[in-house]
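What follows is each chain in one-letter form.
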Amino acid sequence: MFDSKNVADGPISSGCTVVLGMGGTIAGRATQVGDRVGYVAGQVPVNDLLLGIPTAQGLRVESEQVAQIDSKDMGHRHWLALAERVAHHLARQDVDAVVITHGTDTAEETAFFLQSVLRPSKPVVIACAMRPVTALVPDGPQNLSDAFSVAQHPGAHGVVLVCAGWIHAAHDVAKVHTTDLNAFDSGDAGALGRVMQHRVSCFRSWPQEGLAIDAQAAMAQLRSAERWPRVEVVVSHTDNDGALVKALLAQQALGAYALDGLVVAGTGNGTIHEGLQAALLEAQAQGVKVLVSSRCARGHVRQAPGDWPEGTDLSPVKARVALTLALLGLSD
Ligand code: ASP
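Residues numbered from 1 in each chain as written. Predicted model: local features only at pLDDT ≥ 70, side-chain atom pairs only at ≥ 80, totals over all residues. Heavy atoms only, no water.

Engineer: Looking at this model, I keep getting lost on the nonpolar core. Mind explaining?
Structural biologist: Considering soluble globular proteins, one finds that nonpolar side chains tend to be buried as a cluster. Counting residues in each nonpolar core, the largest one holds 50 residues, and the members touching the most others are Val86, Ile100, Phe113 and Leu222. Non-local contacts of Val86, meaning those with residues more than four positions away in its chain, are made with Leu20, Val98, Ile100, Leu118 and Val124. Ile26, Leu59, Val150 and Ala156 belong to the second largest nonpolar core, which has 30 residues in total. (Core = buried A, V, L, I, M, F, W, Y, C linked by side-chain atoms within 4.5 Å. Buried < 20%, exposed > 50% of the residue type's maximum accessible area, 1.4 Å probe, protein only. Contact = heavy atoms within 4.5 Å.)

Spelled out as structure tokens, the structure:
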């Protein structure tokens, strides 16, 4: 168990928060102090990240290293391991919340995945950073401290991401800046709230969607899957003749792998170049599920064009997670 020694202002707690380490820049280290670009993500053990972080009076903190990677390399094996540990700790009566330290690059996908499969009634807060531990002024410690404050907030539940004092819901959050400390945005939905000096202010009510799910059954289903479906993302753009989709179908025909789904990042309101459209129709005719999203940063695909069963309000990368889970039999 980790003993923080630093006590934050705010409510007194008698519970336990479990911190799961996944790596990322928040655990990154550079050989040269102050280097903000030439560092390696996922170096510092999660237990060390907690040193000196203030937590609520009486709060017990436990930590566990689940992975230690740059989140650009995240895969479903990491997600399965993480979801198992999150589900395990949330099922403990003495645990109030789980905090996850994670890289920023794919944090939105992990947040959406965990929310979809676990729908936690307790808070699961993802903390990240844009500067490594060795930066002259790292942002990780503040973000981690903020994550503890959000985890202790009465009424907080489900998976959220905290960065630069902003609280984002799993469904809406996206990384929108390559280097800024405030790298995330929640699009039209807006952030859930802010956290400052251990106090949380909410701008809208905490999302209630689908709280009733049997997380243990969902985990059993994920665990027993022989393989996770292959779902690729293709982008509609000028001069798109569908060559990538045709190449994928050709590989499938050779038996190189099974292609199960395609997410299209369409233009505007889900429109698709006629060349790509023809290749997608061919894929659909061969049994590949097609889901239409938009490459626009904001707005929903209100109506999928003609030949496609559905559009989505999700970004292409989250639509890929949603389609993967649907193909695994885990969907709303
Ligand atoms: N590449 C890093 C990661 O996602 C970036 C970060 O954490 O900010 O792990």
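On we go.
Engineer: What is the right way to look at the site of the ligand in this model?
Structural biologist: The environment of the ligand is formed by Gly24, Thr25, Asp70, Ser71, Gly103, Thr104, Asp105 and Ala129. Residue Asp70 places a side-chain N or O atom 2.7 Å away from a nitrogen atom belonging to the ligand. With respect to the ligand, the backbone of Ala129 contributes an N or O atom lying 3.1 Å from an oxygen atom. Notes on the ligand: free accessible area 260 Å², of which the protein chains cover 93%. Counted by class, the shell around the ligand contains one nonpolar, five polar and two charged residues. (Near = heavy atom within 4 Å. Polar contact = N/O pair within 3.5 Å; in protein donor to acceptor, adjacent residues only side chain to side chain. Areas by Shrake-Rupley, 256 points an atom, 1.4 Å probe, with all protein chains shown as cover. Nonpolar A, V, L, I, M, F, W, Y, C, P; charged D, E, K, R; others polar.)

Engineer: How should I be thinking about the state of the cysteines in this particular structure?
Structural biologist: Here, the word disulfide means a covalent bond between the sulfur atoms of two cysteines. Counted by the stated rule, this structure contains zero disulfides. Here Cys163 stays unpaired: no disulfide links it, and the sulfur of Cys128, its closest cysteine neighbor, is 4.1 Å away. (Disulfide = S-S within 2.5 Å.)

Engineer: Teacher, can you tell me more about the sheet that holds strand 15 (residues 231-235) here?
Structural biologist: Backbone-to-backbone hydrogen bonds pair the strands of a sheet. The strands run either parallel or antiparallel. Taken in spatial order, the three strands make up an open sheet running 15-16-17, and their pairing is parallel. If you trace the sheet from one side to the other, it starts and ends with strand 15 and strand 17 (289-294), each paired once. Sheet twist, expressed as the average angle between the axes of neighbouring strands with direction ignored, equals 25°. Across five bridges, strand 15 lies against strand 16 (residues 261-266) in parallel orientation. Counterpart to Val234 in the pairing with strand 16 is Val264. Strands strand 15, strand 16 and strand 17 of the sheet are contacted by helix 8 (residues 316-327), whose axis makes an angle of about 155° with strand 16. (Pairing = 2+ DSSP bridges. Helix = DSSP H or I, 4+ residues; strand = E, 2+ residues; numbered from the N terminus. Axes fitted to C-alpha atoms, helices over the stretch in contact; angles between N-to-C directions.)

Engineer: Please explain the packing of helix 2 (residues 76-90) against helix 3 (residues 107-118) as it appears in this structure.
Structural biologist: A pair of packed helices can be characterised by two numbers: the angle between their axes and the separation between those axes. With their axes 11 Å apart at the nearest point, helix 2 and helix 3 run at an angle of 50° to one another. Looking at the two axes, helix 2 sits oblique to helix 3. Our pair here, helix 2 against helix 3, has a crossing hand that is right-handed. Listed contacts from helix 3 to Trp79, Leu82, Ala83, Val86 and Ala87 of helix 2 are Glu109, Thr110, Phe113, Leu114 and Leu118. (Parallel < 35°, antiparallel > 145°, perpendicular 65-115°, else oblique. Left-handed = near helix turned anticlockwise from the far one by under 90°.)

Engineer: Got a minute to help me understand unusual backbone geometry in this structure?
Structural biologist: A negative phi angle characterises most non-glycine residues, just as the trans form characterises most peptide bonds. With a phi angle near 40°, Arg119 is a residue other than glycine that sits in the positive phi range. Among the structural elements, Arg119 can be located in the loop between helix 3 and strand 8 (123-127). For Asp239, which is not glycine, the phi torsion reads 65° and is therefore positive. Structurally, Asp239 is set in the loop between strand 15 and helix 6 (243-253). When its relative accessible area of 73% is taken as the criterion, Asp239 is described as exposed.

Engineer: Got a minute to help me understand the packing of aromatic side chains in this structure?
Structural biologist: In total, this model carries three aromatic pairs according to the counting rule given. Each ring, one from Trp79 and one from Phe113, has its centre 4.6 Å from the other, and the planes form 10°; the classification is stacked. Residue Trp79 is located in helix 2, and its partner Phe113 is located in helix 3; the two are separated by 34 residues in the primary sequence. For the pair formed by Trp79 and Phe113, the shared burial category is buried. Look at Trp166 and Phe203: their rings are 6.0 Å apart centre to centre, the planes differ by 65°, and that puts the pair in the edge-to-face class. Of this pair, Trp166 sits in strand 10 (residues 166-169) while Phe203 sits in the loop between strand 14 (199-202) and helix 5 (215-224), and the two are 37 residues apart along the sequence. Judged by its relative accessible area of 25%, Trp166 is partly exposed. In textbook terms, an aromatic cluster arises when at least three aromatic residues are bridged by ring pairs, as seen for Trp79, Phe113 and Trp228. (Phe/Tyr/Trp six-rings, centres within 6.5 Å; stacked < 30°, edge-to-face > 60°.)

Engineer: Would you take a moment to explain the packing of helix 6 against helix 7 (residues 274-285) for this structure?
Structural biologist: Contact pair helix 6 / helix 7: the axes reach a minimum separation of 8 Å and the direction vectors enclose 25°. Between helix 6 and helix 7, the crossing angle belongs to the class labelled roughly parallel. The interaxial crossing formed by helix 6 with helix 7 has left-handed handedness. Here helix 6 contributes Val245, Lys246 and Leu249 to the contact with helix 7, which in turn contributes Leu276, Ala279, Leu280, Glu282 and Ala283. In terms of residue class, the contact of helix 6 with helix 7 is made up of six nonpolar, no polar and two charged.

Engineer: Would you mind showing me how to read a nonpolar patch on the surface here?
Structural biologist: Residues Val33, Leu136 and Val137 make up a contiguous nonpolar surface patch of roughly 360 Å² in combined accessible area. Counting through the fold element by element, Val137 comes out in the loop between strand 8 and helix 4 (140-151). (Patch = residues over 30% accessible without salt bridge, like charges linked within 9 Å, V, L, I, M, F, W, Y side chains within 5 Å. Salt bridge = Lys/Arg side-chain N within 4 Å of Asp/Glu carboxyl O.)

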